[in-house]
Amino acid sequence: MATVTSVLSGPSGSADATPLVVRTVALDDDSPLLALVPREESLAWVRRGEGLVGWGAAASIRTKGPTRFRDASEWWKEHARSAVVRDEVAQPGTGLVAFGSFAFADEPGESVLVVPEVVVGRRGGTTWVTTVSRATIASPAAVRPADAPAPPAGVTFVDGAISGTEWERVVAEAVRRITAGELEKVVLARDLLATADDEIDVRWPLQRLSESYPMCWTFHVDGLFGATPEMLVRRERGLVTSRVLAGTIRRTGDDSRDLALAATLARSSKDLEEHEYAVRSVADALAPHCTSMNVPEAPFVLHLPNVMHLATDVAGVIDDDTTCLELAEALHPSAAVGGTPTEVAKAVISEIEGMDRGRYAGPVGWMDASGDGEWGIALRSAEVMGRTVRLFAGCGIVASSEPEAELAEAQAKFVPVRDAISGV
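The rules behind each value
- Residues numbered from 1 in each chain as written.
- Predicted model: local features only at pLDDT ≥ 70, side-chain atom pairs only at ≥ 80, totals over all residues.
- Heavy atoms only, no water.
- Axes fitted to C-alpha atoms, helices over the stretch in contact; angles between N-to-C directions.
- Helix = DSSP H or I, 4+ residues; strand = E, 2+ residues; numbered from the N terminus.
- Parallel < 35°, antiparallel > 145°, perpendicular 65-115°, else oblique.
- Left-handed = near helix turned anticlockwise from the far one by under 90°.
- Contact = heavy atoms within 4.5 Å.
- Nonpolar A, V, L, I, M, F, W, Y, C, P; charged D, E, K, R; others polar.
- Buried < 20%, exposed > 50% of the residue type's maximum accessible area, 1.4 Å probe, protein only.
- Polar contact = N/O pair within 3.5 Å; in protein donor to acceptor, adjacent residues only side chain to side chain.
- Salt bridge = Lys/Arg side-chain N within 4 Å of Asp/Glu carboxyl O.
- Core = buried A, V, L, I, M, F, W, Y, C linked by side-chain atoms within 4.5 Å.
- Patch = residues over 30% accessible without salt bridge, like charges linked within 9 Å, V, L, I, M, F, W, Y side chains within 5 Å.
- Areas by Shrake-Rupley, 256 points an atom, 1.4 Å probe, with all protein chains shown as cover.
- Lys, Arg positive; Asp, Glu negative; His and termini not counted.
- Charge placed at Lys NZ, Arg CZ, Asp CG, Glu CD.
- 1 Å grid on protein atoms, 1.4 Å probe; cavity = no way out; pocket = protein on both sides within 12 Å on 5 of 7 lines; lining within 4 Å.
- Points joined across faces, edges and corners; volume = space filled by probe spheres on them.

> Could you give an account of the packing of helix α5 (residues 269–286) against helix α6 (residues 324–331), naming the residues involved and the relevant values?
Between α5 and α6, whose axes approach to 9 Å, the crossing angle comes to 135°. For the element pair α5 / α6, the angle class is oblique. Judged by the twist between their axes, the crossing of α5 over α6 is right-handed. Only L327, A330 and L331 of α6 make contact with α5, whose side of the interface consists of V282, A285 and L286. Tallied by class, the residues present in the contact of α5 with α6 amount to six nonpolar, no polar and no charged.

Here you go:
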């Protein structure tokens, strides 16, 4: 197999100007990826047994405010230009890789981009390990299953920033504003707090989520974890794709009943309207970067264990050197997590939602030195802080939304993480 080695000029004047030295080699190991990560400084992006996990921090940056994406992108490009890379596998996700998680709003919130010291990846039956150090080439890392995480004990749940009843009033206010013509759609979120007897090992819910929701992207970056069904943007060798989800119905567990509900969802004018706004916002954001695009005329119904979504996969051929992170910035926030028009919806969220989203519903994922990578939307997610976990869920509100139904939908969206923490 070919070996790719690159040495480029280093970043001038940066505090960490010593170049990163990166080595990727094939790995003969078929252990589940999440079973390999240690408890401390773990990172993950896994779907259907494939993806990337990492640990340690060879380099990292934290950014804030309206320039958070741009600052992280410039930092990354400096490291990519200066890195010394020996890649014996040459697959998407090999070589120099960073994991990232970005705040939903300009203020408040902190974003992070991390280059792990060790990355283990798997794709199409090929497994590899990447080791990152400074100045010298490190030996390939020893990779073996880590100690199994212990389940959380004594977990209790309470409302977060506002109660369910208060949130229904917030939804009603949003509907009033939409009906008055101030905007077309707004996505409102709420939170739930879980507390355990002892500090929670994030690997426990990660492994449960990966097992229960294999079609989703299970992720963990700097305390934020979850299993998102929504791919904000993937860039790979000139092809750009985005999966848009908007319009949701809860499953009953009865197959015949759920098929009937899926048909109802596919015909629902309220959900189709909500979905159309989201697809349009994604297509409009990607169009300036693509020579051609495919935007399906009608959505399909995506079946997950707890809910069903209207879904559309948008694809395009990119005609410039815009990186996946820059595309993620252009797409964020899509109408699926913000609303329409975007700026009006963001202002309404800030005014009436009643909580700080942090990195919930922001881009989360990974990128490589070529600018390829995957960024999902941090949905079905939570943030772990010692003994406490803050869970998030959101719903798209349009003129025909009913507050009680939206609260029920939000409760359904808490289920994946809630069950993963509870050990269900």
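Still to come is the rest of the account.
> Hey, could you go over the side chain of T94 for me, with residue numbers and the actual values?
Tracing the backbone shows T94 in the loop between β6 (84–87) and β7 (97–101). We classify T94 as buried; its relative accessible area is 6%. Polar contacts involving the side chain of T94 include one to the side chain of D87, which spans 2.6 Å. Of the polar contacts made by the side chain of T94, one reaches the backbone oxygen of Q91; its length is 2.7 Å.

> Can you tell me about the pattern of salt bridges, naming the residues and giving the values?
The full count for this structure, using the stated rule, is 28 salt bridges. Between E406 and K270 there is a salt bridge, with its nearest N and O atoms 3.2 Å apart. Of this pair, E406 sits in helix α8 (residues 403–422) while K270 sits in helix α5, placing them 136 residues apart in sequence. For the pair E406 and K270, a shared accessibility class is recorded, and that class is buried. E343 is paired through a salt bridge with K346; the nearest N and O atoms lie 3.5 Å apart.

> Pulling in residues and values, what's your account of the nonpolar core?
V115 and V186 are the most contacted members of the largest nonpolar core, which totals 109 residues. In terms of residue count, the dominant contributor to this core is α8 (eight residues). V114, F219, M231 and W366 belong to the second-largest nonpolar core, a separate cluster that totals 18 residues.

> I'd like to hear about a negative patch on the surface, residue by residue, with values.
Negative charge collects at one region of the surface, where E40, E41, E117, D197, D198 and E199 lie side by side. By the element assignment, E117 lies in the loop between β8 (110–115) and β9 (118–123). According to the relative accessible area criterion, E117 is partly exposed, its value standing at 38%.

> Summarise empty space enclosed by the protein; cite the residues concerned and give the values.
A full pass over the atoms with the stated rule returns two cavities of 30 Å³ or more. In terms of lining residues, the largest cavity is bounded by 23 residues, among which A336, L379, R380, G394 and K413 are the most central. For the lining of the largest cavity, the secondary structure elements donating two or more residues are β16 (239–250), β24 (388–397) and α8. Looking at the lining of the largest cavity, the element that brings in the most residues is β24, giving five residues. Partitioning the lining of the largest cavity into residue classes produces twelve nonpolar, five polar and six charged. As a volume, the second largest cavity reaches approximately 30 Å³. If you trace the second largest cavity, you find it lined by Y213, C216, A227, P229, L304, N306, R380 and P416. Its residues placed into classes, the lining of the second largest cavity shows six nonpolar, one polar and one charged.

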